[in-house]
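# Structural overview for review
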Amino acid sequence: AHLVVETEADAFDAVAAFLSYLPSSSAGSPPWAPPLPPARDPAELEHLVPLGARSGYDMHDVFTCLADEASLLPWADGWGGSVLCALARIEGRPLGLVGNQPIVRAGALDPPALAKERAFVDLCDTFGLPLVFLHDVPGLMIGTAAERGGILHGYEALVSRIAEARVPKVGVVLRKAYGGGHFAMGGRPTAPDFLFAWPSAELGFMAPETGVRTVHRRRLEATLAEQGPQAHAELVAELSAEWASESEPWEAAAHLSLDDVIEPADTRRVVATAIAIAAHGTPG
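Here is a short report on the structure shown in this document. (Residues numbered from 1 in each chain as written. Predicted model: local features only at pLDDT ≥ 70, side-chain atom pairs only at ≥ 80, totals over all residues. Heavy atoms only, no water.)

On to the overall build of the chain, then. Helix and strand counts for the chain come out as 12 helices and eight strands. Taken across its 284 residues, the chain has 47% of its residues classed as buried. Summarising the internal contacts of the chain: among those between residues at least 6 apart in sequence, 75% fall at separations of at least 24. Summing over all exposed atoms, the chain offers an accessible surface of approximately 13,400 Å²; the carbon and sulfur share of this is 57%. (Helix = DSSP H or I, 4+ residues; strand = E, 2+ residues; numbered from the N terminus. Buried < 20%, exposed > 50% of the residue type's maximum accessible area, 1.4 Å probe, protein only. Contact = heavy atoms within 4.5 Å. Areas by Shrake-Rupley, 256 points an atom, 1.4 Å probe, with all protein chains shown as cover.)

Now the structure itself:
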C-alpha cells in the first residue's frame, strides 16, 4: 500500500490529493498551485540536521522545511523505510521528494528501499514531475540477506532509471553520500541537472574510518607489528584526517562534481531556482 488512511472519506480525499499533482495524461504538464511558504522556516535546517554523521534525525522534518505548507503527500511510508518519498510542491510547482531516512538503518539502502525509490522515480518521470534528492546515505546494505534479496539487481535497475529520467533532477548532499548510495540517490554519474552540498557534507566511495582500515590495511598491520599500538593509533589518526579532508565538499566542488556549496537555510530557494532553470523557467 502506498498510503493508509482511517476512513473511506479519507481515502477519497487521498485519491483527490494524489491526482492533484498529476496531469490528466502523461503528455500533459503537471498542474501548479498558488505558492505557499513552508510549514517550517528553512532556517531551522541548521539545527534539525545534526553535524555528527552518526546522529539520527527525521528526514520528514527536512521535507517540511522545503515543501509548501500542507502540500506533502507521503508515498509508501510503510515499507522500504530507509528512504522517504513524497509528492510535494515548492513555490506552487508539483514535484517528487526523495530523501534518506537516518533513523531507519542509518539510511542505508536495502532491496525494498531500492525498489520503492525506483517505482517513485518512474512515476515522477512518467508524469513530468521534477525530482529532488536529499542525500544522507552511508551506502548500500551489505550482508547475506541483502544479497539474497537481489540488492545488486535492484541497485542497477534504480541507477539506470534515474539516469534515464528526463524530468529536472536536483540533488543536495546534507551530510554524507558514500559509494553506491550516492549513485542511487541521483548522484553525479546519473547526470542530475544540478548537484549541491551543505558545508557539512562528506563525499567519497567509503566512510573515512572504514576506508582507512580497508585501503591501508597492510600498512596499518605492519605498523602495529613493528612499532606497536601507539604508532598504529597515530597512523590511523593521520590517515583518517587526510581522508576526511579529501571528502569535504570543497574538494568535490573544486573538481566540478558539485555545482555549489550552499547554506542549509538557502536550500528551498536554491532548489526552486535550480528546477526553474532546468525546466527552462516555464511553468507547468
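This part takes up the state of the cysteines. Taken as a whole and judged by the stated rule, the model has zero disulfides. With no disulfide of its own, C85 lies closest to C124 among cysteine sulfurs, the gap being 8.0 Å. (Disulfide = S-S within 2.5 Å.)

It is worth spelling out helix 3 (residues 59-66) at this point. Within helix 3 the residues assigned to the buried category are M59, V62, F63, C65 and L66. What you see down the axis of helix 3 is that its buried residues fit within an arc of 160°, all on one side. Residues of helix 3 that are buried sit in contact with helix 2 (45-48), strand 2 (83-90), strand 3 (93-100), strand 4 (131-137), strand 5 (169-178) and helix 12 (267-278). (Arc of directions from axis to C-beta.)

With that settled, the discussion passes to the packing of helix 4 (residues 111-126) against helix 6 (residues 151-164). Relative to each other, helix 4 and helix 6 sit at 20°, their axes nearing to 9 Å. In terms of axis orientation, helix 4 runs roughly parallel to helix 6. When the axes of helix 4 and helix 6 are compared, the crossing they make is left-handed. Every residue of helix 6 that contacts helix 4 at P111, L114, E117, R118, V121, D122, D125 and T126 is listed here: I151, G154, Y155, A157, L158, R161, I162 and E164. Of the residues that constitute the contact of helix 4 with helix 6, the class distribution is eight nonpolar, two polar and six charged. (Axes fitted to C-alpha atoms, helices over the stretch in contact; angles between N-to-C directions. Parallel < 35°, antiparallel > 145°, perpendicular 65-115°, else oblique. Left-handed = near helix turned anticlockwise from the far one by under 90°. Nonpolar A, V, L, I, M, F, W, Y, C, P; charged D, E, K, R; others polar.)

To continue, consider the nonpolar core. Counting residues in each nonpolar core, the largest one holds 39 residues, and the members touching the most others are V98, F120 and L131. Ignoring sequence-local partners within four residues, the contact set of V98 consists of F63, V83, L84, C85, E117, F120, L131, V132, F133, L134 and M185. Ranked by size, the runner-up nonpolar core spans 31 residues in total, among them A88, L97, L174 and V270. (Core = buried A, V, L, I, M, F, W, Y, C linked by side-chain atoms within 4.5 Å.)

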